[in-house]
Amino acid sequence: MKYIEDINVKTKGRLGVMLSKVKTCVLHGLNGYIVEVETDVSRGMPTFSIVGLPDTSIREAKERVRTAIKNSGFEFPLSRITINLAPASLKKEGSQLDLSIAVGILLATGIIRDRDLSKVSFIGELSLDGNINKIAGALPLVISLKDKGIEKIIVPYENKDECSVVENIDVIPVRNLYELVMYLNDEIDIEPWKTDLSSLFKNDDELYADFSDIKGQESLKRAMEVAAAGGHNILLIGPPGSGKTMIARRLPSILPELTFDESLEITKIYSVAGLLKDNFLITKRPFRAPHHTISGASLVGGGRIPKPGEVSLAHHGVLFLDELPEFQKNVLEVLRQPMEDGYVTISRVNASFTYPAKFMFVASMNPCPCGYYGDPTHECTCSEREINRYLGKISGPLLDRIDIHIEVTPIDYKDLGSNTMSETSESIRKRVNEARKIQIDRYYKEKIFCNAQLTSKDINKYCKLDKECVKLMEEAFNNLGLSARAYSKILKLARTIADLDKKESIQIQHLAEAIQYRSLDRKFWR
Amino acid sequence: MNSRDILIWLNSLNINSNTIEKLEEYFGSFYSLWEASTDVINNINFISEYFKSVLVKYKDIHYYEDYINRVQKSRAKIITIFDDDYPKHLKSIYNPPKVIYIKGSLESKDEVSIAIVGARKATAYGKWAAEKFAKELASLGITIVSGLAYGIDTKAHEGALIAEGRTIAVLGNGIDLIYPKTNKALFEKIQNNGAIITEYPLGVQPLPYNFPMRNRIISGLSLGVLVVEASKKSGSLITAQMALEQGREVFAIPGNINSVYSKGTNLLIKDGAKLVMDINDIIEEITLLKNRIKTKRIKEVSHLNLGKDEIKIVECIKEYPKHCDEISFQTGLGIKEVNSILTILELKGIVRQLPGKTFQLTDF
């Protein structure tokens, strides 16, 4: 404490640079904006005012900052303190501004030596005892700051792992205000925190439940493989207990591995939502399965300052809606825009927020209200009208965004008399990865990554059919009672199946297989 | 000159088959007609003076040989009622043409044929229907007969050609003329995938009164007549009338009751023609067609046209419907092959999909 006494004696009765400028950052959706905290300490009646559209949490910062400075042992100036948060027109919120306000005051009073802080930024919330608390949304803040040219960032100690995944910026973790002052005055040195990124992505095998747990259900597994390979949305239709949920949960295990960038994007969303726990970088594809009582706002995101909803939390992962017809109709309809665009925009009076929402949509439903239509061992007690009404709960536009419908039938695997091991997720994923690679190579000129994203124009270009296939398509439409909207879906699926088969062009067997994955288009369903 | 030659000679003078029959009756044989003196001919009371003079003037072996040469030059072939390759169905009608000129070829499978007729002035709906039905019927191996006129006829021929099936065009003029001229390309195509037929000798112009006569050949060649679109006074209604007289089935495609283009067909339906919504409506009415398609199916299912794996799957679901996983397991085929083959079998009409992804053989 000798140091503090020295510093207090040294600065007693005089003011430092009088005006200081310190950089910090606020979040707007997932994007951060640099905020300059300008602090003026001048003679006059001791007051402490913050201007520049602060919200309540920032206005309360006054009390935290004053107490934290005092409790860290430093002198709080008995002067007229004015803080401006520039740009003044932008609304600011978030307790991460505490630290920069405190630093601004300490700098203005000369407790922190005057130095060039133009490439340094501070984020952190102060505790009354001078400790720096963990904040939500640290990762997107750090990423935006790096993009804006900041070279060094001071972060709360507890956020250090999350922040250090960002490369090319020095992350300095500090525990309390005292340590920070020491560091800035070059009394101590703190090494920038580094994380071994490669170790994070290792040992992924145990992350997900495995496909080999499922015995039988080969056609269902194959449909899942096709869905994963082309990024197709999928609807599972089957009676209760047929294993719909079980297989949906295993879907992430056959999806391609997350790339670092994807992982960062997901972590950003979870960081903003305050859902990052011990895992400071999300290395596993999210699987979100909201209950069917969910509201529209929590599905796409909402709140006065909108927070990401389930669709964004499922970004790069799987959004699974179990018992699809049980969801409220208006809730399902809000899914249409994010499914189409891959992001969701939530508008509020003063701003609109955009969160990414690229997810694979997986839904399950019973074929009819009683659940047993088409079940080999149970009698269905529903009338045709009831079945139609049940299916009608899912609107055409939503159904249009689902490429694969597959019926799931409970099959007692023991009846088939086999005890062969099922294929593991890893070997399925290998095929999926190869098929995805073919697609990425093929679409490098387009703005798309997988077959599911093909527009009708792209379909004409990439899903050409030879004469034999055209004939098959025609026959299929005439004889099987397929609906018109099935046409492009079947082509997309056939493209994916051909990719899995490593074939340049769509062949007749690919097309024929694809037709099997459009159950709801069949006459006996509509 | 044998009687076949004399028959052709009579036809070349554009004497209709009705009159030819009467002449044969009058003289007892064609030969005595050829041998008859000018006086005898002038005494015939049932033909006009003009024909009498024609008979006298052209009773000349050189004229006849010259005519045969012209026919050969125009690459047409002559079939008379005395010949074995004369179309079987045509022979059975009242007043069959004694002589027909053919470009292209008639095959035995052309016996299974349906006529598709309709108005020259047709709506988009009519043209669509004509092409669709022609296409679907032709792809089942049924020959499409029509009249090479504008509108429905053209579409009917085109539909058959699109399906790579056979089609026969019956003309109302000499075979050396193409009428309408715009159908020249179609004319050529039909020659290669069927036949162009007429009973009129070379050089006969498409005169309005030829067409009703031509229509009796259209219906006579076919097992049934499908009228696609016809106004109240359309020639197609004559074809339908002829068909009824010849004992052929008459089918009609319904139209909007306000449409003048469908008045005729709607009227036909009202009078008892069969309303047609898809080709099954036609097939189930004609036993020959039904049997033909049935045997085609049986042949297919009895593995003649099936691949090795297809047979495996058919054998597998013979007893009772099975789920595709079960089929995959029992046949030892991968699920992707099974799915793909099942679709193809479904399209061939051999298996049927039931709810719950179970498959069974279709019964027929």
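Remember, it's a predicted structure, so these values are computed and weren't measured experimentally.

Parameters at a glance
Residues numbered from 1 in each chain as written. Chains lettered and ligands numbered in written order. Predicted model: local features only at pLDDT ≥ 70, side-chain atom pairs only at ≥ 80, totals over all residues. Helix = DSSP H or I, 4+ residues; strand = E, 2+ residues; numbered from the N terminus. Buried ≥ 20, exposed ≤ 12 C-beta atoms within 10 Å, placed from the backbone. Contact = placed C-beta atoms within 7 Å. Nonpolar A, V, L, I, M, F, W, Y, C, P; charged D, E, K, R; others polar. Pairing = 2+ DSSP bridges. Axes fitted to C-alpha atoms, helices over the stretch in contact; angles between N-to-C directions. Expected span 1.5 Å × (residues − 1). Right-handed = clockwise from strand over helix to strand, strands pointing away. Core = buried A, V, L, I, M, F, W, Y, C linked by C-beta atoms within 7 Å. Parallel < 35°, antiparallel > 145°, perpendicular 65-115°, else oblique. Left-handed = near helix turned anticlockwise from the far one by under 90°. pLDDT = per-residue confidence, 0-100.

A description of the overall build of chain B should follow, citing residues and the corresponding values.
When you go through chain B residue by residue, the secondary structure sums to 18 helices and 12 strands. Relative to its 364 residues, chain B shows a buried fraction of 45%. Counting contacts in chain B only where the partners sit at least 6 residues apart, residues at least 24 apart contribute 67% of the total.

Describe the overall build of chain A, with residues and values.
On a plain count of helices and strands, chain A comes out with 22 helices and 18 strands. Here the analysis covers contacts within chain A between residues at least 6 apart in sequence; of these, 75% occur between residues at least 24 apart.

Mind laying out the interface of chain A and chain B, listing which residues take part and the relevant values?
On the chain B side, the residues contacting the 26 residues of chain A number 20 residues. Contributing elements (two or more residues each) for the side of chain A that touches chain B: helix H9 (218-230), helix H20 (467-480) and helix H22 (508-515) of chain A. With 5 residues, H20 of chain A is the single largest residue contributor to the side of chain A that touches chain B. For the side of chain A that touches chain B, the per-class residue count stands at 10 nonpolar, 9 polar and 7 charged.

Can you explain the sheet that holds strand S6 (residues 194-198) of chain B? Please cite residues and give values.
Residues and elements named next belong to chain B. The strand order across the open sheet built from 9 strands is S1-S2-S6-S5-S4-S3-S7-S8-S9, with neighbouring strands paired in mixed fashion. Across the chains shown, the open sheet's two edge strands, defined by having one partner strand only, are strand S1 (77-80) and strand S9 (274-275). Sheet topology note: the S1/strand S2 (residues 99-104) ladder contains 4 bridges and is antiparallel. Note on S2: the bridge partner recorded for Ile78 is Tyr101. Seen against the sheet, helix H12 (residues 235-245) touches strand S3 (113-117), strand S7 (224-227) and strand S8 (249-252) and runs at an angle of roughly 155 degrees to S7.

So what about the sheet that holds strand S12 (residues 358-361) of chain B? Which residues, and what values?
Residue and element names in this part refer to chain B. Read across the open sheet, the 3 strands follow the order S10-S12-S11; overall the sheet is antiparallel. The strands lining the two open edges of the sheet, one partner per strand, are strand S10 (322-323) and strand S11 (351-354). With 4 bridges joining them, S11 and S12 adopt antiparallel strand pairing. For Leu354, the partnering residue across the bridge sits in S12 and is Thr358. This element, helix H18 (residues 335-347), spans S11 and S12 of the sheet and lies at about 115 degrees to S11.

Describe helix H11 (residues 260-273) of chain A, listing the residues and the values that go with them.
Residue and element names in this part refer to chain A. Look at H11: 20 Å from first C-alpha to last across 14 residues, which is about the 20 Å you get at 1.5 Å a residue. Along H11, the positions that sit buried rather than exposed are Ser263, Glu265, Ile266, Thr267, Lys268, Ile269, Tyr270, Ser271 and Val272. Contact partners of the buried residues in H11: strand S1 (19-28), helix H5 (138-147), helix H6 (160-163), strand S13 (307-308), helix H13 (310-313) and strand S16 (352-356). Just downstream of H11, Gly274 is the residue with a positive phi angle, here 70 degrees.

Residue-level account of the pairing of strand S4 (residues 80-86) of chain A, with values.
Residue and element names in this part refer to chain A. Here S4 shows a buried face lined by Ile81, Ile83 and Leu85 and an unburied face lined by Arg80, Thr82, Asn84 and Ala86. Summarising the sheet, strand S2 (residues 31-42) and S4 pair through 7 bridges and their orientation is antiparallel. Looking at S4, one finds that Asp40 is bridged to Thr82. Sheet analysis places strand S3 (residues 47-51) next to S4, joined by 5 bridges and oriented parallel.

How would you sum up unusual backbone geometry? Please name residues and give values.
The omega torsion of the bond from Ala86 of chain A to Pro87 of chain A falls at 0 degrees, within 30 degrees of zero and hence cis. By secondary structure assignment, the location of Pro87 of chain A is in the loop between S4 and helix H4 (97-108). With omega at -10 degrees, the peptide bond leading from Tyr179 of chain B into Pro180 of chain B counts as cis. Among the structural elements, Pro180 of chain B can be located in the loop between strand S5 (167-170) and helix H10 (184-192). Positive phi, close to 60 degrees, is recorded for Asp186 of chain A, a residue that is not glycine. Mapped onto the secondary structure, Asp186 of chain A falls in the loop between helix H7 (177-184) and helix H8 (197-200). When the 9 C-beta atoms within 10 Å are taken as the criterion, Asp186 of chain A is described as exposed. Here the phi dihedral of Glu164 of chain B falls at roughly 60 degrees; this positive angle occurs in a residue that is not glycine. On the basis of neighbour count, Glu164 of chain B is assigned to the exposed category, with 10 C-beta atoms found within 10 Å.

Quick one: what's the story with the pairing of S7 of chain B, residue by residue and with numbers?
Residues and elements named next belong to chain B. Going residue by residue along S7, you find Gly224 and Leu226 tucked away on one face and Val225 and Val227 tucked away on the opposite face as well. In this structure, S7 lies alongside S8, joined through 4 bridges in parallel fashion. In the sheet register, Gly224 faces S8, and the bridge partner there is Glu249. For the crossover that starts at S7, traverses H12 and ends in the parallel S8, the hand is right-handed.

Before we move on, can you summarise the nonpolar core with the specific residues and values?
With 148 residues, the main nonpolar core has Ala102, Leu106, Val142, Ile153, Val362, Ile404 and Ala494 of chain A as its most contacted residues. Counting residues per element, this core draws most heavily on H4 of chain A, which supplies 9 residues. In this structure, Ala76, Leu106, Ala169 and Ala195 of chain B belong to the second largest nonpolar core, which totals 75 residues.

Hey, could you go over the environment of Ser105 of chain B for me, with residue numbers and the actual values?
Locating Ser105 of chain B in the fold gives a position in the loop between S2 and S3. The partly exposed category is assigned to Ser105 of chain B, around which 14 C-beta atoms lie within 10 Å.

Any details on the packing of helix H11 (residues 210-221) of chain B against H12 of chain B? Residues and values, ideally.
Residue and element names in this part refer to chain B. Viewed as axis vectors pointing N to C, H11 and H12 meet at an angle of 45 degrees, and their least axial separation amounts to 8 Å. Judged by the angle between their axes, H11 and H12 are oblique. The element H11 and its partner H12 pack so that their crossing is right-handed. Residue-level contacts link Phe211, Pro212, Asn215, Arg216, Ile218 and Ser219 of H11 to Gly235, Ile238, Thr239, Met242 and Ala243 of H12. Looking at the contact of H11 with H12, its residues break down into 6 nonpolar, 4 polar and 1 charged.

So what's going on with the environment of Ser29 of chain B? Residues and values would help.
Residue placement: Ser29 of chain B occurs in the loop between helix H2 (17-27) and helix H3 (30-35). Along the backbone, Ser29 of chain B and Ser3 of chain B are 26 residues apart, and their C-alpha atoms lie at a distance of 7.9 Å.

An account of the packing of helix H16 (residues 308-316) of chain B against helix H17 (residues 324-331) of chain B is requested, with residue identities and associated values reported.
Residues and elements named next belong to chain B. Two elements in contact, H16 and H17, have axes separated by 10 Å at closest approach and are oriented at 115 degrees. Here H16 and H17 pass one another in a crossing that is right-handed. Touching Lys312, Ile313 and Cys316 of H16 are Ile327, Gln330 and Thr331, all from H17. Each residue belonging to the contact of H16 with H17 can be placed in one class, and the counts come to 3 nonpolar, 2 polar and 1 charged.

Which residues make up the confidence of the model for chain B, and what values go with them?
Residue and element names in this part refer to chain B. Confidence along chain B averages 88 in pLDDT terms, with 96% of residues attaining 70 or more. The least confident element of chain B is helix H15 (residues 287-301), whose mean pLDDT is 67; the most confident is S5, at 95. With pTM at 0.63, the complex prediction returns an ipTM value of 0.73.

Quick one: what's the story with the environment of Val250 of chain B, residue by residue and with numbers?
All names here are of chain B. Structurally, Val250 can be placed in strand S8. In sequence terms Val250 and Leu223 are 27 residues apart; their C-alpha atoms lie 9.3 Å from each other. Setting aside anything within four residues of it in sequence, one finds Val250 in contact with Gly224, Val225, Ala240, Ala243, Leu244, Leu268 and Ala273.

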